[in-house]
Amino acid sequence: MAERLRENAEEAADFETAIAECGFGLFNVFILCSAIPCLTAMVFSASALSYVMPSAECDLNLSIVDKGMLHAVTYGGMIISAIPWGFIADTVGRRPVLISGGWLDGFFVLCASLSQDTAQLMAFKFFDGFIICGPFAVVVSYLAEFHGKKHRPYIMLFVGLSVSFGSMILPLLAYALMPVPISFKVATLEFRTWQVFLAITAVPSLLCGLLHIFLPESPKFLMSQGNYRKALDSLQRIYKMNKRKSKEEYPIKRLTDPTPDRSADLDGTGRSSTVKERFSRAKGKFGEGLRQLKPMFSKPYLAISLLVYCLHFCQIMCVNSVRLWLPQIFATMNSMESMGANDTSMCAVLEHNALAVSMNEEAKKRECALHHDRDSYLDNIIVAGIGLVGFLLIFPLLRIGVVSRHILKVFLFICIFLVGSLYFVKTALVTMIVSAIYLTLMGICATSIIGMSVVIFPTLMRTMVLMLIMTFGRLGSMSGNLLLPIFMQLNCLAPFLWLCSLMSIAFIFSVFLKVDDQQSLS
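Below, the structure is looked at part by part. Bear in mind the structure is a predicted one, so any value in this text is a computation, not a measurement. (Residues numbered from 1 in each chain as written. Predicted model: local features only at pLDDT ≥ 70, side-chain atom pairs only at ≥ 80, totals over all residues. Heavy atoms only, no water.)

### Side note on empty space enclosed by the protein
Counted by the stated rule, this structure contains 4 cavities of 30 Å³ or more. When residues of the lining of the largest cavity are traced back to their parent elements, those giving at least two are α3 (26–60), α7 (152–177), α14 (301–323), α15 (326–338), α18 (375–397), α20 (428–456) and α21 (459–490). It is α20 that contributes the most residues to the lining of the largest cavity, 8 residues altogether. Residues that form the lining of the largest cavity fall into these classes: 25 nonpolar, 14 polar and 2 charged. Here the second largest cavity defines a volume of roughly 160 Å³. Those elements that provide at least two residues to the lining of the second largest cavity are α14, α15, α16 (346–356), α21 and α22 (493–511). If you tally residues by element for the lining of the second largest cavity, the top one is α22, at 3 residues. Residues of the lining of the second largest cavity, tallied by class, amount to 13 nonpolar, 2 polar and no charged. (1 Å grid on protein atoms, 1.4 Å probe; cavity = no way out; pocket = protein on both sides within 12 Å on 5 of 7 lines; lining within 4 Å. Points joined across faces, edges and corners; volume = space filled by probe spheres on them. Helix = DSSP H or I, 4+ residues; strand = E, 2+ residues; numbered from the N terminus. Nonpolar A, V, L, I, M, F, W, Y, C, P; charged D, E, K, R; others polar.)

### Some points on the pattern of salt bridges
Pairing between side chains of opposite charge can happen when their charged atoms approach one another. Following the criterion strictly, the structure yields 2 salt bridges and no others. Here R94 and E145 are joined by a salt bridge, their closest N and O atoms 2.7 Å apart. Placement of R94 in helix α5 (residues 94–113) and of E145 in the loop between α6 (118–144) and α7 is noted, with a sequence separation of 51 residues between them. For R94, a relative accessible area of 0% gives the class buried. Judged by its relative accessible area of 0%, E145 is buried. Its salt-bridge partner being K125, residue D128 comes within 2.7 Å of it at the nearest N-O pair. Here D128 pairs with K125, and both are found in helix α6, just 3 residues apart, close to one helical turn. (Salt bridge = Lys/Arg side-chain N within 4 Å of Asp/Glu carboxyl O. Buried < 20%, exposed > 50% of the residue type's maximum accessible area, 1.4 Å probe, protein only.)

### Describing the environment of L32
Relative to the elements of secondary structure, L32 occurs in helix α3. In this structure, L32 is in contact with F24, L143, H147, I155 and F158, ignoring residues within four places of it in sequence. (Contact = heavy atoms within 4.5 Å.)

### Notes on the packing of aromatic side chains
Applying the stated criterion across every chain, the model contains 12 aromatic pairs. Plain terms: the ring middles of F108 and F127 are 5.1 Å apart, the flat faces sit at 20 degrees to each other, and that makes the pair stacked. Taken together, the residues F108 in helix α5 and F127 in helix α6 connect sequence positions 19 residues apart. The exposure class assigned to F127 is partly exposed, which follows from its relative accessible area of 36%. Between Y309 and F472 the ring centres are 4.8 Å apart and the planes differ by 5 degrees, which places this aromatic pair in the stacked class. (Phe/Tyr/Trp six-rings, centres within 6.5 Å; stacked < 30°, edge-to-face > 60°.)

### Brief notes about the packing of α5 against helix α9 (residues 203–211)
The interhelical angle for the contact between α5 and α9, taken along N-to-C directions, is 155 degrees, at an axis separation of 7 Å. In terms of axis orientation, α5 runs roughly antiparallel to α9. Pair α5 / α9 crosses with left-handed handedness. On the side of α5, the interface is formed by L98, I99, G102, W103, D105, G106, F107 and L110, while α9 contributes S205, L206, C208, G209 and L210. Of the residues belonging to the contact of α5 with α9, the class tally is 8 nonpolar, 4 polar and 1 charged. (Axes fitted to C-alpha atoms, helices over the stretch in contact; angles between N-to-C directions. Parallel < 35°, antiparallel > 145°, perpendicular 65-115°, else oblique. Left-handed = near helix turned anticlockwise from the far one by under 90°.)

### Considerations on the pairing of strand β1 (residues 183–186)
Bridge count for β1 against strand β2 (residues 189–192) is 4 bridges, and the pairing is antiparallel. Paired with S183 across the two strands is R192, which belongs to β2. Connecting β1 to the next strand, β2, in antiparallel fashion are 2 residues, including A187 with a positive phi near 60 degrees. (Pairing = 2+ DSSP bridges.)

### A look at a nonpolar patch on the surface
There is a patch of nonpolar side chains on the surface, built from W103, I200, V203, L207, L210, I213 and F214 and spanning about 600 Å² of accessible area. The element best represented in the nonpolar patch is α9, accounting for 3 residues. With respect to the element layout, W103 can be found in helix α5. (Patch = residues over 30% accessible without salt bridge, like charges linked within 9 Å, V, L, I, M, F, W, Y side chains within 5 Å. Areas by Shrake-Rupley, 256 points an atom, 1.4 Å probe, with all protein chains shown as cover.)

### Brief notes about unusual backbone geometry
You will see that R244, though not glycine, has its phi angle at about 60 degrees, which is positive. Following the sequence through the fold, R244 ends up in the loop between α11 (228–243) and α12 (263–267). For R244, a relative accessible area of 60% gives the class exposed.

What follows is the structure in structure tokens.
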């Protein structure tokens, strides 16, 4: 019996077998905790300005065009940097992107908080979007590549749960801080409440860079690079921390993967390289990276990736057309109620915002003062809280096979009616409840798409595909926020018909998307 176990230990094991031997324990808890700041940082980058604008529009003298541009530049940065970040992550590694990206993003968010005018704020928010795009997409691959197929579906919903957690922290922070009148000067720089708020939102990015210093490179990525020596060392570290045993007791002694073993070359053992040799290696790695992307444009990946891109484009255009407007909508509803308005339906809110453009200075100041009221943030907190509860309820349901296979199309179908029903609601309370359920279900759908994509695509193109999926989502966000005001100007019904049409298209795409989330990572 002992001899048979020894023979099995000497047999080469694939990634799924090797990671399963590591179990689930303290290491996994630490890596999940390290991912939370990175996922939260993405939420803060995309949404922080939504909470700043209702309170800071008087300080910055923001026009409607300025508001649109401030949202657009962040997504613009994300779109431009998606392919470079994906290439770096799939050729250099996951860990360097998480560390350098976290520190750099924290730096640019702090710079944004020092901005003294709209142009400076736009510039630094562009770089914020440019940098945070990398760590956010990479952390999804990184988490998936440290967990076996038993836990991988739950890891993807953990991503959604963390995003929901970040979405709840942001309005709580706004509720606590934005109504506080802060104003002070340092030399020639003037600081107000919204700048302190932005400075605090840099904390998750800085934590992301710090925590990932203590974590190893993804063993699946190292295996795909042919660096089996480091991959085995990474797996032994996980085993030691999870099982409370020594590295030597790890039962797997050899790893196998389609990539040839190049551990000696990649570890840099032997004599030191000359400048010419290092340049030649870098050039070879670039060429190898381009070859790795070739399968993206051939069967079977081309058709399924286009389907996923279009689906994500439609659903993110819908969800962000609602989500990014909610703080402004709730702030307007709160002001209308404070001024004694009886009708706080969506149509009434749209009409009020249209009339606000022609307000005199005195009326604008009164409106801004009402936007500083704490009550205007309560609805956002409740919406985020319902989203968090929604993800917690979904976790146990995913154990049921039929639920995990059909959750995407069922939720998209329900959301067609939810977004359409916003047109008919007449009170702020019902608007808040319907919006909360809609955003929760759509958040679960977006997370499901990312989870499916992690399984569908192989390691050497996984992060690049995730980057492209998110890029299409961000293109949807930009397009939605540019088109929504145009539909609003036509009449009250037009934006809701448009959103329902997009949701219907997303549902049709989801019907043709069939993925087994229990399959092994390739």
